[in-house]
Amino acid sequence: MMPSGRAKRYFIFIVAAALFCGATVRAEIVSETSCYVRTSPGKDARPVQMVFRRYVDQELKREVGAFVQYNQSKDFIPLVFVKHVDTDTDSPELGNHEITRIEIVGGKAAGAYLFVQTGAGNRQGKHVRYTSAKGAKPMIFQHTGDEDSSCRVNQ
């Protein structure tokens, strides 16, 4: 994982850039937080919790930054937006899509996250597939819902 100091500097840079742009362009930046969990097979397996936060410029309708945190860690793993694909072209109002983001660790791409929403936004239709750049088997994280009280970013 990226050292805590570097991750914090990256995060502060994103927020400062967003605030600077907001001051000169009068943009509104909002944050959105979602939580996911992965439970490994086996009776002694402990769930892995992932908090995802993204920052969106409301006027431009663009993501200006994102990160994930795992298992109550204080370390932020920065994510870079790569692409958005609407997956239901016959009924785009359903909001089904796939979003690809790359994680940056130590200044290098370390893995890819595929955020998937199917089923017209139903809870069971939201999940994330993480694939490490080292070629390990992909891991699936299921969305825990919008009312998850444990879903928070640790600072």
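Before any of the text, the structure's been laid out above.
Residues numbered from 1 in each chain as written. Predicted model: local features only at pLDDT ≥ 70, side-chain atom pairs only at ≥ 80, totals over all residues. Heavy atoms only, no water.

### Digging into the environment of Tyr36
And step 1. With respect to the helices and strands, Tyr36 occurs in strand β1 (residues 29–38).
And step 2. As for Tyr36 and Ile140, which are separated by 104 residues in sequence, their C-alpha atoms are 9.2 Å apart.
And step 3. Once residues lying within four places of it in the same chain are set aside, the contact partners of Tyr36 are Val48, Gln49, Met50, Phe52, Phe115, Lys126, His127, Val128, Phe141, Gln142, His143 and Thr144. (Helix = DSSP H or I, 4+ residues; strand = E, 2+ residues; numbered from the N terminus. Contact = heavy atoms within 4.5 Å.)

### Thoughts on the sheet that holds strand β2 (residues 48–57)
And step 1. Pairing is antiparallel in the closed barrel, where eight strands are placed in the order β1-β2-β3-β4-β5-β6-β7-β8. Neighbour-to-neighbour, the strand axes of this sheet turn through a mean angle of 30 degrees, independent of strand direction. (Pairing = 2+ DSSP bridges. Axes fitted to C-alpha atoms, helices over the stretch in contact; angles between N-to-C directions.)

### As for the packing of aromatic side chains
And step 1. According to the stated counting rule, one finds seven aromatic pairs in the structure shown.
And step 2. A centroid spacing of 6.0 Å and a plane angle of 50 degrees characterise the contact between Tyr70 and Phe141, whose relative ring orientation is tilted. Here Tyr70, found in strand β3 (residues 62–70), pairs with Phe141, found in strand β8 (residues 139–143); they are 71 residues apart in sequence, far enough to count as distant.
And step 3. Clustering of aromatic rings is evident, with ring pairs tying together Tyr36, Phe52, Tyr113, Phe115 and Tyr130.
And step 4. Between Arg101 and the ring centre of Phe115, over which it is positioned, the NZ or CZ distance is 4.7 Å. (Phe/Tyr/Trp six-rings, centres within 6.5 Å; stacked < 30°, edge-to-face > 60°. Lys NZ or Arg CZ within 6 Å of the ring centre and 35° of its normal.)

### What to know about the pattern of salt bridges
And step 1. Following the criterion strictly, the structure yields three salt bridges and no others.
And step 2. Notably, a salt bridge pairs Arg54 with Glu32, separated by 2.7 Å at the nearest N-O pair. Of this pair, Arg54 sits in strand β2 while Glu32 sits in strand β1; the two residues are 22 residues apart in sequence, bridging distant segments of the chain.
And step 3. Accessibility expressed as a relative area gives 34% for Glu32, which makes it partly exposed.
And step 4. Between Arg54 and Glu63 there is a salt bridge, and its shortest N-O distance comes to 3.3 Å. (Salt bridge = Lys/Arg side-chain N within 4 Å of Asp/Glu carboxyl O. Buried < 20%, exposed > 50% of the residue type's maximum accessible area, 1.4 Å probe, protein only.)

### Some points on the side chain of Glu103
And step 1. Looking at the element boundaries, Glu103 is found in strand β5 (residues 97–105).
And step 2. There is no salt bridge for the buried Glu103, and the closest opposite charge comes from Lys134, which lies 8.8 Å off by N-O distance.
And step 3. Excluding residues within four positions of it along the chain, Glu103 makes contact with Ile77, Pro78, Leu79, Lys108, Ala109, Ala110, Gly111, Tyr113 and Tyr130. (Lys, Arg positive; Asp, Glu negative; His and termini not counted.)

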